Amino acid sequence: MTLDTPIEYVKGIGPERAKLIKNVLGLSTVEDLLNFYPIRYLDKSKVYTVSQLQESNLDIQLKGKITQVQEIQTGKTKRLSAKFNDHTGSMDLVWFQYSKWLKEQIPVNREVYIFGKINVFNRQFSMPHPEIEAEENKESDTRLKPIYPSSEKLTKRGLGQKFFQNILRNVCKEIPNLIEENFPEYLMKTFGFISRQHAFLNVHFPKDMEYFEKADYRLKFEESFFFQLGYGLKKLHHKTQSYGNPFPIIGDHFNNFYENHLPFDLTNAQKKVLREIRMDMKKPIQMNRLLQGDVGSGKTMVGLLTMLIAMDNGFQSCMMAPTEILAQQHYNGIKELLRETDINVRLLTGSTKASERKIIHEELENGMLSILVGTHAVLEDKVKFKSLGLAIIDEQHRFGVAQRAKLWAKNKIPPHILVMTATPIPRTLAMSFYSDLDVSVIDEMPVGRKPIITAHRREKDRLYVYNFCKDEIKKGRQVYFVYPLIEESETLDYKNLMEGLEHVMDFFSEYNVTMLHGKMKPDEKDTAMNYFASGKAEIMVATTVIEVGVNVPNASVMVIESAERFGLSQLHQLRGRVGRGAEQSYCILMTSDKLSKESRTRVRTMTETNDGFKISEVDMQLRGPGDILGTQQSGVVDFKRLDLINDSAIIKTTKNTVEKILEADPMLTRPDNLIIKNYYLRYYKGKNKWSKIS
Ligand code: ADP
Ligand code: MG
C-alpha cells in the first residue's frame, strides 16, 4: 500500500463502496483517507458527575441511575423524558424521537453509564439522546473513538461510523510504511513535535486528549509551514530572477515638488512607506508592492511622489483607478498639485474624446507625456508607452489578474508595480496569501483628523436624523445619503433610490440635492459629482458608486440607508467618504427594527471602531477567508486542518520559522534541511497558487 493506492484496495472497501465513497466524500486514495479527519471524538476514559457539568461542546460520560421514564405530550409532539441521578445531583434525559422499543429498553434503577452532549436551558442541564450502557456491558477500550463526517446516504448503505472506524484502523496499521518524516531534528526539538507517524495515528485514534492536541498542532504546523515555504521560495526566486529598471536617482522633479509644492507635511507613516518604496526601486528588480492604508490615510500623495521618482529616472508612469469618477478625481488632484510645475499629466478613460486620445497616444510614444491617469482604458493595446517605468493601481480588488498582466507587457523590462488598497487584509490572510508580496502599511492618519462618530438609528429616529443633517448643513457642511444597490434586484433598488431621493428633496426643499448612480452616463456622473464637490449641492443621494475613493472634504455626514444590507468592508469604505476635512464628521447607519445576528454584529462593529484592520478581522470571521480573498482565489483556502481564523498563532510562527530558515539557507542545501526540501519538491511544489499582483 502506498499513499497513491486507490481506496478500493483497502481492506474492507472494495470497488463498489470505493465508488460510493468517492462520489459522496470525494476520497479516492489512501492519502485522502489519512487526511479524512474525524470531526470529534468520544472520550469514554473519563467519568463526570452531575455537579461538574458545564456548558461544552464535547460528549461526556456520567455514571448513575435512571428513574422515572415518562412520555410528555406538548401540543402535537411527544417526547420521552427520564431522570438521571448520581450521588451529586440529577438531570433530565430527553428523546425527541424514539421507538416503543427504545422506551422499553431503558434500564431503570440499575447502574449505567450515559454518554452524550450536554444542553443547558434556564441553568438546567439535560442530555438529549444519550447513549446508555449498562455497567456490566461496558467496553474496556478507553482510547478516544473518532467520529467521521458521514452522511445519511452513506449510513443507509451500511457505511456508518463503525465502518469508517474499521477502515481507518486498517489504514493506520500501515502508517509506518506510508508516512515519512518531513521535519529535521532541530525543528522537532525546538517545537517539541511528536513524530509525523504518531501525529497521523493520534489524529484518528488519540490515546487521550493531550496526544490529540499534539497531533493536531503538528499537522497544522506542517501544513502552514510548507505553504509558507512555497511563498518564501517564490519570493526569493522573484528577487533573484526578475529584473526591473533601477531608479537610483532622486532628482529635480521630486525635490522641487517636495520642497516647494507639498501642501502639508507628510505623516511619519507616509515617509516610512516612501522610504520602503525607494529602497525597492533602487534595485534592478521589479518592485511588487502592496500599499495598504485606511481610507483617508493619504495614499495618493505617496503615489504621486513615487511617480516623480520614476520621472527623475527618465521613465513614464501611469495610475489606474477602477472607476471614471475616481480617475477623474485623481487627475484633478494631481493636476492641481503639479500646477506650478511643467510636468505633463493627462487623463485617459472610456469617455476621452478622440482628439485628446490621439494626442495622448502620440505623447506617450514620443515620451512627452510623463504621467497618465486613467481607468481600464489605459490597458488597451493601442496605448503604447515609450518607457513605462511604474504602474500604480488604486484599489486593487477591482482589477482582475488578466488585466494586471497586460500592464507588464507595456514595457520590455516590466514596470515597477505599486498597488494601493484601502481594504485592509486581515493579518492572517496577509501572512498566508500575500507573503510573496512586499507590503507597506500607512498606519497613521494625517494630523488634525477627528475620528468619525458613528451611530445606529432606526426608522422611528428618521426625523431626528434629518434635523441633525439640517443643522450640519446650516453650519456649512454637506451630507451624503447612500442606498444599497445589489445587482440581483437592481430595479427594486433603483426604486428605493428614487423614493429616497424624493423623500430627501421633500424634506430638504430649501437645499440643492444631486444624485449619483451606476446607470448614469459618464458625463452625467461628472456633472453630478462636480455639483457636489464644488459645494453647489448640499446633499448627494447616491448608490455605492461613491464607495471607492471619492474625496469631498467638506462633506461631514454620511447617512447609510438599509445599512444592514451592506457588508462590513463596504460600510467602512462608505464611512471613509467623510472625515476628510478638519470638521467633526458623522456616519449614521439607518436600519430596520429587526436585525439578524450577523447584521447586528456588523452594525455594532462599525459603531465601536474606526480601525480598518479590526474591521477586516471581524469581516473575515463573519464571511470566511474565501470570500475576503475573492472568488478568484477562494480555492486556495482549502487547507486540510489549518483554520485561518483560529490558527493565526501557528501561521505567525511558521512564517517566522520559514523566513529564518530561508535567510540562512536560501537553496535549502544544508544537510539538515534536505529533508524539508525533498518533501517540498515531492508533495508541495506546484500546489500553491501565487498571489502575484502584477
Ligand atoms: P486615501 O489613502 O484614502 O486614498 P487620499 O490620498 O485621498 O486618501 O487622502 C485623503 C485626504 O488627505 C486628501 O485630501 C489629501 O490631500 C489629504 N492628505 C494626505 N496626506 C496628508 C498629510 N500628510 N497631511 C494632511 N493631509 C493629507
Ligand atoms: Mg484613494
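Every value quoted in this text rests on a predicted model; they were computed, and no experiment measured them.

Peer 1: Whenever I open this one, the site of ligand 1 confuses me. Can you help?
Peer 2: Around ligand 1 there are 16 residues in total, and Gln270, Gly296, Lys299, Thr300 and Arg449 lie nearest to it. The separation between an oxygen atom of ligand 1 and a polar main-chain atom of Gly296 is 2.6 Å. Within the backbone of Ser297, an N or O atom sits 3.5 Å from an oxygen atom of ligand 1. A total of 560 Å² of accessible area belongs to ligand 1 in isolation, and the protein chains cover 82% of it. Here the residues of the shell around ligand 1 are counted per class, giving 4 nonpolar, 7 polar and 5 charged.

Peer 1: How should I be thinking about the domain arrangement of the protein in this particular structure?
Peer 2: The assigned domain composition of the protein is domain 1 (46-140), domain 2 (252-282 + 298-421) and domain 3 (453-609). Between the C-alpha centres of domain 1 and domain 3 there is a distance of 55 Å.

Peer 1: Mind showing me how you'd approach the nonpolar core here?
Peer 2: Residues Phe183, Phe225, Phe226, Leu229, Leu372, Leu407 and Ile676 are the most contacted members of the largest nonpolar core, which totals 46 residues. Looking at this core element by element, the count peaks at 6 residues for helix α9 (residues 209-241). Those residues in contact with Leu229 that sit more than four places away from it in its chain are Val658, Leu662, Leu668, Ile676 and Tyr680. Counting residues in hydrophobic clusters, the runner-up holds 39 residues, among them Phe247, Phe254, Ile277 and Ile442.

Peer 1: Can you help me understand the packing of helix α20 (residues 568-575) against helix α21 (residues 597-608) in this one?
Peer 2: If you want to describe how two helices pack, look at the angle between their axes and the distance between the axes. Running from N to C, α20 and α21 cross one another at 35°; their axes reach a closest spacing of 10 Å. For α20 against α21, the interelement crossing comes out right-handed. Taking contact as the criterion, the partners of Leu568, Leu571, His572 and Arg575 in α20 are, on α21, Arg602, Thr605 and Met606. Of the residues belonging to the contact of α20 with α21, the class tally is 3 nonpolar, 2 polar and 2 charged.

Peer 1: Whenever I open this one, the sheet that holds strand β10 (residues 288-293) confuses me. Can you help?
Peer 2: Two pairing modes exist for strands in a sheet, parallel and antiparallel, and in both the strands are linked by backbone hydrogen bonds. Taken together, 7 strands build an open sheet; the order of strands is β12-β13-β11-β14-β15-β10-β16 and the sheet is parallel. Because the sheet does not close on itself, it has two edges, and the strands there are β12 (345-348) and β16 (438-442). Across the sheet, the mean angle from the axis of one strand to that of its neighbour is 20°, orientation sign disregarded. Note that strand β14 (residues 388-394) and strand β15 (residues 416-421) share 5 bridges and pair parallel. Residue Leu390 lies in a different strand from β15, and its bridge partner there is His416.

The rules behind these values
Residues numbered from 1 in each chain as written. Chains lettered and ligands numbered in written order. Predicted model: local features only at pLDDT ≥ 70, side-chain atom pairs only at ≥ 80, totals over all residues. Heavy atoms only, no water. Near = heavy atom within 4 Å. Polar contact = N/O pair within 3.5 Å; in protein donor to acceptor, adjacent residues only side chain to side chain. Areas by Shrake-Rupley, 256 points an atom, 1.4 Å probe, with all protein chains shown as cover. Nonpolar A, V, L, I, M, F, W, Y, C, P; charged D, E, K, R; others polar. Domains from an automatic or database assignment. Core = buried A, V, L, I, M, F, W, Y, C linked by side-chain atoms within 4.5 Å. Buried < 20%, exposed > 50% of the residue type's maximum accessible area, 1.4 Å probe, protein only. Helix = DSSP H or I, 4+ residues; strand = E, 2+ residues; numbered from the N terminus. Contact = heavy atoms within 4.5 Å. Axes fitted to C-alpha atoms, helices over the stretch in contact; angles between N-to-C directions. Left-handed = near helix turned anticlockwise from the far one by under 90°. Pairing = 2+ DSSP bridges.

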